[in-house]
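Descriptive analysis of the structure
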Amino acid sequence: MRTYRDWRSGGQTREYSVGEERHPGDVVADVIDPSRMKVKLVVHEADYHELQDGMTVEISLPAYPGHVFTGKLRQLGAIGRDRNRVDPTSEGGRDSEIAMFNAEIDMDSDGRNFHPGMSAIIKIRVHSPRERLLIPRSAIVRLDDGRNAVRLVGEAEPKVVNSQYFNDLYVEIPAGLQAGDEILLSYPLPVDDDGGAVAKP
């Protein structure tokens, strides 16, 4: 049942009641088919251009553990919003400068009934599986010239690498490292002549 704002009582939110008269065009309730539902999600800008309308999606619901549903990607939004304005858990008022895009998925129910508000875990395969070299994002050093680098164990100078976004925790290294290389996970502070750490301005 929908609610409405009653301006005669100072703008309080009220529920419609039986026998109440409303104006033509007022929406008083939503009638849903629990066997046909849509999944709403937001897509990271790094993945946006990999997605296409009609892609097959795998959907897992905590309400139905162990069962994988299928669906089709629909209505991929064209206008992004800053991640900190989309994520309700973000802290602070500053923008992240990372865009997120709305999308919808048509979901096959497999004979089960769903309920609005259920959470879902989405998997969309955009590429065939392949081996990747991944490192934690904390290992990346941004040089003064804008290039990305890492610190190899035992090496004084940072090593320039090519890096690509993978997820919020890891980056992919297409070139510059190989499996077995040992790297530092954080950038060490420079050291002065007396052996003390020097903080960067």
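Residues numbered from 1 in each chain as written. Predicted model: local features only at pLDDT ≥ 70, side-chain atom pairs only at ≥ 80, totals over all residues. Heavy atoms only, no water.

A tally of helices and strands in the protein yields two helices and 14 strands. Taken over 201 residues, the protein has a buried fraction of 22%. Sequence separation of 24 or more characterises 56% of the internal contacts of the protein that already satisfy a separation of 6 or more. By element, 48% of the accessible surface of the protein is carried by carbon and sulfur atoms, the whole surface being about 14,900 Å². (Helix = DSSP H or I, 4+ residues; strand = E, 2+ residues; numbered from the N terminus. Buried < 20%, exposed > 50% of the residue type's maximum accessible area, 1.4 Å probe, protein only. Contact = heavy atoms within 4.5 Å. Areas by Shrake-Rupley, 256 points an atom, 1.4 Å probe, with all protein chains shown as cover.)

A few words now on a nonpolar patch on the surface. A cluster of nonpolar residues, L134, F166, L169 and Y170, forms a patch on the protein surface that exposes about 360 Å² of accessible area. If you trace the backbone, L169 turns up in the loop between β13 (162–165) and β14 (170–175). (Patch = residues over 30% accessible without salt bridge, like charges linked within 9 Å, V, L, I, M, F, W, Y side chains within 5 Å. Salt bridge = Lys/Arg side-chain N within 4 Å of Asp/Glu carboxyl O.)

Turning to the sheet that holds strand β9 (residues 134–136), a few remarks are in order. In space, the three strands of this open sheet follow the order β9-β14-β13, with antiparallel pairing throughout. For this open sheet the edge positions go to β9 and β13, each flanked by a neighbour on one side alone. Averaged over all pairs of adjacent strands, the angle between strand axes in this sheet comes to 40°, irrespective of strand direction. (Pairing = 2+ DSSP bridges. Axes fitted to C-alpha atoms, helices over the stretch in contact; angles between N-to-C directions.)

One pair of aromatic rings is described through two measures. These are the centre distance and the angle between the planes. Tallying each qualifying case throughout the model produces two aromatic pairs. Relative to F69, the ring of Y64 has its centre 5.9 Å away and its plane inclined at 75°; by these criteria the two rings are edge-to-face. (Phe/Tyr/Trp six-rings, centres within 6.5 Å; stacked < 30°, edge-to-face > 60°.)

Positive phi outside glycine occurs at Q75, with the angle close to 50°. Here Q75 shows up in the loop between β5 (68–74) and β6 (81–82). Owing to a relative accessible area of 53%, Q75 belongs among the exposed residues under this scheme.

The nonpolar side chains of a soluble globular protein tend to be buried with one another. I59, L61, F69, L73, I105, M107 and F114 are the most contacted members of the largest nonpolar core, which totals 15 residues. Residue contributions to this core peak at four residues, all from strand β3 (residues 37–44). If sequence neighbours within four positions are ignored, I105 has contacts with M37, K38, V39, L41, V57, I59, G71, K72, L73, R74 and I122. By size, the runner-up hydrophobic cluster in this structure holds nine residues, among which are L152, V161, I173 and I183. (Core = buried A, V, L, I, M, F, W, Y, C linked by side-chain atoms within 4.5 Å.)

This part is about the sheet that holds strand β12 (residues 159–160). Read from one edge to the other, the open sheet built from three strands follows the order β10-β11-β12, with strand pairing classed as antiparallel. Where the open sheet ends on each side, the last strands, each with one partner, are β10 (141–142) and β12. The sheet contact formed by strand β11 (residues 148–150) and β12 spans two bridges and is antiparallel. In the sheet register, V150 faces β12, and the bridge partner there is K159.

Among the secondary structure elements, T70 is positioned in strand β5. Through-space distance from the C-alpha of T70 to that of D108 is 5.8 Å; in sequence the pair is 38 residues apart. Among all residues touching T70, those that are not within four sequence positions of it are V57, I59, D106, M107 and D108.

Let's shift gears to the side chain of E172. The topology assignment puts E172 in strand β14. Judged by its relative accessible area of 6%, E172 falls in the buried class. Of note is the side chain of E172, whose polar atom sits 2.8 Å from the side chain of R132. Ignoring anything within four residues of it in the chain, the contact list for E172 reads R130, R132, L133, L134, N162, S163, Q164 and F166. (Polar contact = N/O pair within 3.5 Å; in protein donor to acceptor, adjacent residues only side chain to side chain.)

On to the pattern of salt bridges. One pass over the full model with this rule turns up five salt bridges. Two residues, K38 and D106, come together in a salt bridge whose shortest N-O distance is 2.5 Å. Taken as a pair, K38 in strand β3 and D106 in strand β7 (residues 99–107) lie far apart in primary sequence, 68 residues in all. For D106, a relative accessible area of 28% translates into the label partly exposed. For the salt bridge of R74 with D106, the shortest nitrogen-to-oxygen distance reads 3.5 Å. You can see R74 sitting in strand β5 and its partner D106 sitting in strand β7, a full 32 residues away along the chain. Where salt bridges share partners, they join K38, D53, R74 and D106 into one cluster.

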